[in-house]
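The lines below spell out each chain.
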Amino acid sequence: MQLNGRVALLTGAKRIGAVVAEQLGKQGVDVALSYNRSQAEAEQTATRLKAFGRRAITVQADLSRGADCTKLIEQVVNALGRLDILINMASLYEGKPFAQLTEQDWDRYLAVELKAAFLCSQAALPHLRATQGRIINFSDWLPVSGRPRYPGFLLYYVGKGGVKALTEAMALELAPDQILVNAIAPGPILAPPDTTAEQHKGVADATPLGRWGGELEIAKAILNLLDSDFITGETIRVDGGRHLK
């Protein structure tokens, strides 16, 4: 896919999402950023995009609700004229022991991790058909590797495992429309804000490349997937070989 003049929507405007948006902008892509509560971060990213000549908008949406997903897609197309790339990045990362999980936890977590990607993709489908567009979802290296390594993150693991399955099933179903659907499965890319120095080093030591990757590695992987016209249904681990140990 030639990127100059295309339009991308990213659900998730913080941290890794901000870097992805900037790298897309540098390739000539106009970018829409959706957020739930992170308005300041989304607007800061949009300002940076505009500074090097790209169109950028921010839209508030609760992606666990179908009506919000439909409205989000409509707003993006109305503002930017088309939609070529949908990147489903919205996610939660909260630990809680299995015995303490509630039905409400299950519904809330899977709504963000899994249902939102389904709803946004479905709402975007008519526009992606028109442009033979791309969908990139976000899974995680652990479920992709079949390794539920960290107790207390059952819902995260289940949700991200579901994203891999959703990616594969959508890729098959949307192939006749020439819509390519893939997923990124990050490993040690960017540490959570509360990570201690000891924890940070422990993860680096457990990674064959001996370090954290950094946000730019995710942007590179996305650009590589967008560059291909023949990869679909794949979930690409970007984990420095973490799954090998």
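Structural notes, computed from the coordinates. Computed from a predicted structure; not experimentally measured.

Our next topic: the side chain of Ser139. With respect to the helices, strands and loops of the structure, Ser139 is situated in the loop between β5 (134-138) and α5 (141-144). A polar contact is formed between the side chain of Ser139 and the backbone oxygen of Lys160, at a distance of 2.8 Å. Apart from residues no more than four positions distant in its own chain, Ser139 is found in contact with Val144, Lys160, Val163, Lys164, Ile184, Ala185, Pro186 and Thr235.

Counting 32 residues, the largest nonpolar core has Leu10, Val20, Leu24, Ile87, Ile184, Ile218 and Ile222 as the members making the most contacts within it. Elements that contribute at least two residues to this core include exactly β1 (7-11), α1 (16-26), β2 (30-35), α2 (39-51), β4 (85-88), β5 and α8 (215-227).

Looking now at the packing of α1 against α2. Interaxial distance between α1 and α2 falls to 10 Å at its minimum, and their mutual angle equals 15 degrees. Our classification of the angle between α1 and α2 gives roughly parallel. Between α1 and α2 the crossing geometry is right-handed. Across the interface between the two elements, Ala18, Ala21, Glu22 and Gly25 of α1 pack against Thr45, Arg48 and Leu49 of α2. In terms of residue class, the contact of α1 with α2 is built from three nonpolar, two polar and two charged.

Its location among the elements puts Arg242 in the segment after β7 (235-238). As a buried residue without a salt bridge, Arg242 has its nearest oppositely charged side chain in Asp239, at a separation of 7.4 Å. In contact with Arg242, other than residues within four places in its own chain, are Trp141, Arg147, Arg149, Tyr150, Pro188, Val203, Ala206, Thr207 and Pro208.

For any pair of aromatic rings, geometry is given as the distance between the ring centres together with the angle between the planes. Summed over all chains, the structure comprises two aromatic pairs. Measuring from ring centre to ring centre gives 4.7 Å for Tyr93 and Phe153, while their planes differ by 20 degrees; the resulting arrangement is stacked. With Tyr93 in the loop between β4 and α4 (103-131) and Phe153 in the loop between α5 and α6 (154-174), the pair connects residues that are 60 residues apart, well separated along the chain. When its relative accessible area of 45% is taken as the criterion, Tyr93 is described as partly exposed. With centroids separated by 4.9 Å and ring planes inclined at 85 degrees, the aromatic side chains of Tyr93 and Tyr156 adopt a geometry described as edge-to-face. Here Tyr93, found in the loop between β4 and α4, pairs with Tyr156, found in helix α6; they are 63 residues apart in sequence, far enough to count as distant. Connected via pairs of aromatic rings, a cluster forms that spans Tyr93, Phe153 and Tyr156.

Thresholds applied
Residues numbered from 1 in each chain as written. Predicted model: local features only at pLDDT ≥ 70, side-chain atom pairs only at ≥ 80, totals over all residues. Heavy atoms only, no water. Helix = DSSP H or I, 4+ residues; strand = E, 2+ residues; numbered from the N terminus. Polar contact = N/O pair within 3.5 Å; in protein donor to acceptor, adjacent residues only side chain to side chain. Contact = heavy atoms within 4.5 Å. Core = buried A, V, L, I, M, F, W, Y, C linked by side-chain atoms within 4.5 Å. Buried < 20%, exposed > 50% of the residue type's maximum accessible area, 1.4 Å probe, protein only. Axes fitted to C-alpha atoms, helices over the stretch in contact; angles between N-to-C directions. Parallel < 35°, antiparallel > 145°, perpendicular 65-115°, else oblique. Left-handed = near helix turned anticlockwise from the far one by under 90°. Nonpolar A, V, L, I, M, F, W, Y, C, P; charged D, E, K, R; others polar. Lys, Arg positive; Asp, Glu negative; His and termini not counted. Salt bridge = Lys/Arg side-chain N within 4 Å of Asp/Glu carboxyl O. Phe/Tyr/Trp six-rings, centres within 6.5 Å; stacked < 30°, edge-to-face > 60°.

Treat this as a map of the structure, not an account of what it does.
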